[in-house]
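Coordinate inspection notes
The lines below spell out each chain.
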Amino acid sequence: MKNIRFLILGFFFAIVLSKTQAISWYRFYEMFKFQSFHMFGIIGGAVVISAIFMQLFKNGKIKDINGNKIIPKPKKKGFISTILGGTFFGLGWGISGACAAPIFVILGFKLVPALILLVGALLGAFIYGILSKKLPN
Amino acid sequence: MDFILQPWPWYVGGPLIAISLLLYFYFGKNFGASTNFETLCTMAGAGKVSDYFKKDWKERDFAMLFVIGLIIGGFISAYYLIPNQTIDLNPTTVQELTDLGFTNVANQYFPDKIFGEEAFSSLKGFLILLLSGVLIGFGTRYAGGCTSGHAITGLSSLQLPSLLAVIGFFIGGIIATWFIIPILF
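For chain B, the helix and strand inventory stands at 10 helices and 0 strands. Reading chain B from its N terminus to its C terminus gives the helix and strand order α-α-α-α-α-α-α-α-α-α. Projected onto its principal axes, the C-alpha coordinates of chain B cover approximately 50 × 45 × 35 Å. Buried positions account for 50% of the 185 residues belonging to chain B. Long-range pairs, those at least 24 residues apart, make up 41% of the contacts in chain B with a sequence separation of at least 6.

In structure tokens, the structure reads:
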């Protein structure tokens, strides 16, 4: 069970999100209303430091646990899909104050509402799967 | 111990999230969260309805363990690590939400108006949560990522699609908070 390390990482990540209030509805509301620096600081800080790690991956200074070069998967391209999909996600995120990882974390705080969100998210992913070939990219 | 129980400031959060990303890649996998919605669909048998979900979910068992870790971490945080959920919210934000009829604003992480029992047991409240969930699940998969996959992994590796996705996140989030929330509540 070497993958148990991912369980520990998930546990750690959940605590980071919880303790920095990055799962709170209020924190995302004020972010989208540009009334506070808090979430911009968290996400911006994470991006800047991650960019340094990405450089270290790229020039091979940091390799993965098996000694392989780390190459982040290229994101699928498509102007309409990323903008439109992003906007749909932003709508759900702005109303419920939940993005993907926090939904699982919020189960511990507000079990029933988080379950409703999760069922909705699975339904949404299912609808996407069914329509994926017909949607514009 | 005091530090563990206090809220952590943004300049602690950013680096710790980056370290989570680093470890995820170090363990040999691509950092992200929203693909798990698809994996859970596959586990629930969605492959019988659509070929899109005909995948071997066991190839993503590591991600399911990550999800289990997220859930356990959520419970531990809620019950033991956050004795006080008060949020140091901008007074303007507090006033705005109070005017919209929100009560106990920023005294807890989640407002009763959306997450309280009275809210989610009403048809309107239930549908608000369910449809938000649908938008999150559909939107992240259509865009190919969420905050972790696009905003953090994608932007930090300088991928153009992620910039477009993040612009989309903000278009949606701004429409939701500036226009939809005042209509809903």
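Below, the discussion takes up the overall build of chain A. From N to C terminus, chain A includes 6 helices and 0 strands. Starting at the N terminus, the α and β elements of chain A follow one another as α-α-α-α-α-α. Seen through its principal axes, chain A has C-alpha atoms that stretch 40 × 40 × 40 Å. Within chain A, the proportion of its 137 residues that are buried is 60%. Excluding contacts between residues fewer than 6 apart, the proportion of contacts in chain A whose partners are at least 24 apart in sequence is 39%.

Every contact between the two is made by 101 residues of chain A and, on the other side, 109 residues of chain B. At the level of elements, α1 (4-19), α2 (25-32), α3 (38-58), α4 (79-96), α5 (100-106) and α6 (111-131) of chain A are the ones that each hand at least two residues to the side of chain A that touches chain B. Considering only residue class, the side of chain A that touches chain B consists of 62 nonpolar, 28 polar and 11 charged.

This paragraph deals with unusual backbone geometry. One non-glycine residue, F34 of chain A, lies in positive phi territory at about 55 degrees. Looking at the secondary structure, you find F34 of chain A in the loop between α2 and α3. Accessibility expressed as a C-beta count within 10 Å gives 12 for F34 of chain A, which makes it exposed. Unusually for a residue other than glycine, L158 of chain B sits at a positive phi of about 55 degrees. Note on placement: L158 of chain B falls in the loop between α9 (147-156) and α10 (160-184). For L158 of chain B, a count of 12 C-beta atoms within 10 Å puts it in the exposed group.

Packing of α6 of chain A against helix α8 (residues 123-143) of chain B brings their axes to within 6 Å, and their N-to-C directions diverge by 40 degrees. Compared by their axis directions, α6 of chain A and α8 of chain B come out oblique. Here α6 of chain A and α8 of chain B pass one another in a crossing that is right-handed. Here the residues of the contact of α6 of chain A with α8 of chain B are counted per class, giving 20 nonpolar, 5 polar and 1 charged.

One can find Y24 of chain B in helix α2 (residues 10-26). Separated by 68 residues in sequence, Y24 of chain B and T92 of chain B place their C-alpha atoms 38 Å apart. Look past the residues within four positions of Y24 of chain B in its chain and what remains in contact with it is L9 of chain A together with K29 and F31 of chain B.

Another aspect to go through is the packing of α4 of chain A against α8 of chain B. Closest axis-to-axis distance for the α4 of chain A/α8 of chain B pair is 7 Å, and the angle between their directions is 155 degrees. Accordingly, the angle class assigned to the pair α4 of chain A and α8 of chain B is roughly antiparallel. The handedness of the crossing between α4 of chain A and α8 of chain B is left-handed. Residues S81, T82, L84, G85, G86, F88, F89, L91, G92, W93, I95 and S96 of chain A of α4 of chain A form the contact with α8 of chain B, whose participating residues are I128, L129, S132, G133, L135, I136, F138, G139, T140, Y142 and A143 of chain B.

It is worth spelling out the confidence of the model for chain B at this point. Across chain B, pLDDT averages 95, with 99% of residues at or above 70. The ipTM assigned to the predicted complex is 0.96, against a pTM of 0.96.

Moving on, we get to helix α3 (residues 35-43) of chain B. Within α3 of chain B, the full set of buried residues consists of N36, F37, E38, T39, L40 and C41 of chain B. Residues of α3 of chain B that are buried in the fold lie against α6 of chain A together with α4 (61-81) and α8 of chain B. Positioned one or two residues after α3 of chain B, G45 of chain B has a phi angle of 100 degrees, which is positive.

It is worth spelling out the environment of G85 of chain A at this point. For G85 of chain A, the location among the structural elements is in helix α4. Overall, G85 of chain A belongs to the buried group, with 27 C-beta atoms counted inside 10 Å. Put simply, G85 of chain A and A100 of chain A are 15 residues apart on the chain and 14 Å apart in space, counted from C-alpha to C-alpha. Setting aside chain neighbours within four positions, we find G85 of chain A in contact with G139, Y142, A143 and G168 of chain B.

Definitions and cut-offs
- Residues numbered from 1 in each chain as written.
- Chains lettered and ligands numbered in written order.
- Predicted model: local features only at pLDDT ≥ 70, side-chain atom pairs only at ≥ 80, totals over all residues.
- Helix = DSSP H or I, 4+ residues; strand = E, 2+ residues; numbered from the N terminus.
- Buried ≥ 20, exposed ≤ 12 C-beta atoms within 10 Å, placed from the backbone.
- Contact = placed C-beta atoms within 7 Å.
- Nonpolar A, V, L, I, M, F, W, Y, C, P; charged D, E, K, R; others polar.
- Axes fitted to C-alpha atoms, helices over the stretch in contact; angles between N-to-C directions.
- Parallel < 35°, antiparallel > 145°, perpendicular 65-115°, else oblique.
- Left-handed = near helix turned anticlockwise from the far one by under 90°.
- pLDDT = per-residue confidence, 0-100.

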